[in-house]
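Residue-level structure breakdown
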Amino acid sequence: MTDDRASSHDLLVSSDLAEVRRVQDLVEAALQANRFGESDQFAVKLAVEEALVNAIKHGNQLDPAKSVRVRYSVDDEQFRIHITDEGPGFNPDDLPDPTADDFLERPCGRGVLLIRSFMTTVDFLGCGNEVVMSKIKTPPDADQ
Amino acid sequence: MSRQRITVEDVGDVAVVQFVDKKILDEQNIQMIGDDLFRLVDELGRRKLLLNFTNVDFMSSAALGKLIRLHQRLTQVGGKLVLCGISKDILQVFTLTKLDKMLKIVKDEQTGLGSF
């Protein structure tokens, strides 16, 4: 049986933070069409927000000559997304632990922690300029 | 003229702040909300701030930085910041980052008013 609501998309996003909202709206519509629950939608939107802002701001340094490639697919079981920027990449293992006592009062640096916490799988590929994330749909009776 | 992003109601000496937007996102928006909150402290001399998140259904880590700075500012001047009405999903953002240990978070506005 085919799933009419399943879809996959390939977008090229300019290095403008306003573009994040547009991607979020597309992702939200795709999740809703595939009946992801409220908490799953929150988790995916948060992770996409954090990863896309990182790609545009830290990866591409807001350079209008650079863009971010966003590929995502969603079906009745999972959401999966690749976000690739044109920056030099980074090693996520080099990031300080934002929950450490001496880091706690710093105003930034929590995005990767949240991405890893809210998504089912997260992998940084290449030189760290590509992140691949997935979220397995929570069964309806468990999403409360 | 910039649009209104927060509303402030005085309950005794506590400034109760509600957010107009359901989503606290993008840096420009967060910067403006932060400016409005800091104005309450630095220009209007408010020392007890209760931020009510009941209207908010989405918030990213960019807003956390503003809350941390606001907490630090209020602490410097002998004031206090309390957060209330936070949804289950957003509360996870605070607990995962352990900011629930630093920031005072209570269930609802009534509890918040009694926690200063």
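Residues numbered from 1 in each chain as written. Chains lettered and ligands numbered in written order. Predicted model: local features only at pLDDT ≥ 70, side-chain atom pairs only at ≥ 80, totals over all residues. Heavy atoms only, no water.

1. Things to note about the interface of chain A and chain B
Condition: The criterion used for residue contact is that any of the two residues' heavy atoms lie within 4.5 Å. Accessible surface is computed with a 1.4 Å probe, and the buried area is the amount of it that two parts give up when combined, taken over both parts together. Salt bridge criterion: a side-chain nitrogen from Lys or Arg within 4 Å of a carboxyl oxygen from Asp or Glu. Throughout this description, a polar contact denotes any pair of N or O atoms lying within 3.5 Å of each other; where both atoms belong to protein, one of them has to be capable of donating a hydrogen while the other can accept it, and for residues adjacent in sequence the pair is counted only when both atoms sit in side chains. Numbered from the N terminus, helices here are DSSP runs of H or I no shorter than four residues, and strands are runs of E no shorter than two. Each residue receives one of three labels: charged for Asp, Glu, Lys and Arg, nonpolar for Ala, Val, Leu, Ile, Met, Phe, Trp, Tyr, Cys and Pro, and polar for the others, Gly being one of them.
The interface of chain A with chain B comprises 25 residues on the first partner and 24 residues on the second. For the pair chain A and chain B, the summed buried area comes to about 2,100 Å², and 60% of that belongs to carbon and sulfur atoms. The largest share of the area that chain A buries against chain B comes from Phe 42, Glu 105 and Pro 107 of chain A, three residues that together contribute 27% of it. The tally of links from chain A across to chain B stands at 1 salt bridge. The interface formed by chain A and chain B holds 3 residue pairs in polar contact (both at pLDDT 80 or more) in total. If you list the elements that add at least two residues to the side of chain A that touches chain B, you get helix 1 (18-33), helix 2 (38-59) and helix 3 (111-118) of chain A. For the side of chain A that touches chain B, the element with the most residues is helix 2 of chain A, which contributes 8 residues. Each residue belonging to the side of chain A that touches chain B can be placed in one class, and the counts come to 9 nonpolar, 6 polar and 10 charged.

2. Describing the layout of surface pockets
Selection criterion: Each cavity reported here is a set of points on a 1 Å grid over the protein atoms alone in which a 1.4 Å probe fits but cannot get out, each pocket an open set with protein on both sides within 12 Å along at least five of seven lines, and each lining residue one with an atom within 4 Å of a point. Grid points are joined across faces, edges and corners, and a volume is the space filled by probe spheres set on the points.
The calculated volume of the largest pocket comes to roughly 1,300 Å³. Around the largest pocket sit 50 residues that line it, and Glu 50, Val 53, Asn 54, Lys 57 and His 58 of chain A are the ones nearest its centre. The set of elements that each furnish at least two residues to the lining of the largest pocket consists of helix 1, helix 2, helix 3 and strand 5 (130-136) of chain A together with helix 1 (27-42) and helix 2 (61-76) of chain B. By volume, the second largest pocket amounts to about 190 Å³. In terms of residues, the lining of the second largest pocket owes the most to one element, helix 2 of chain A, which gives 4 residues. Here the lining of the second largest pocket is built from residues that sort into 2 nonpolar, 3 polar and 6 charged.

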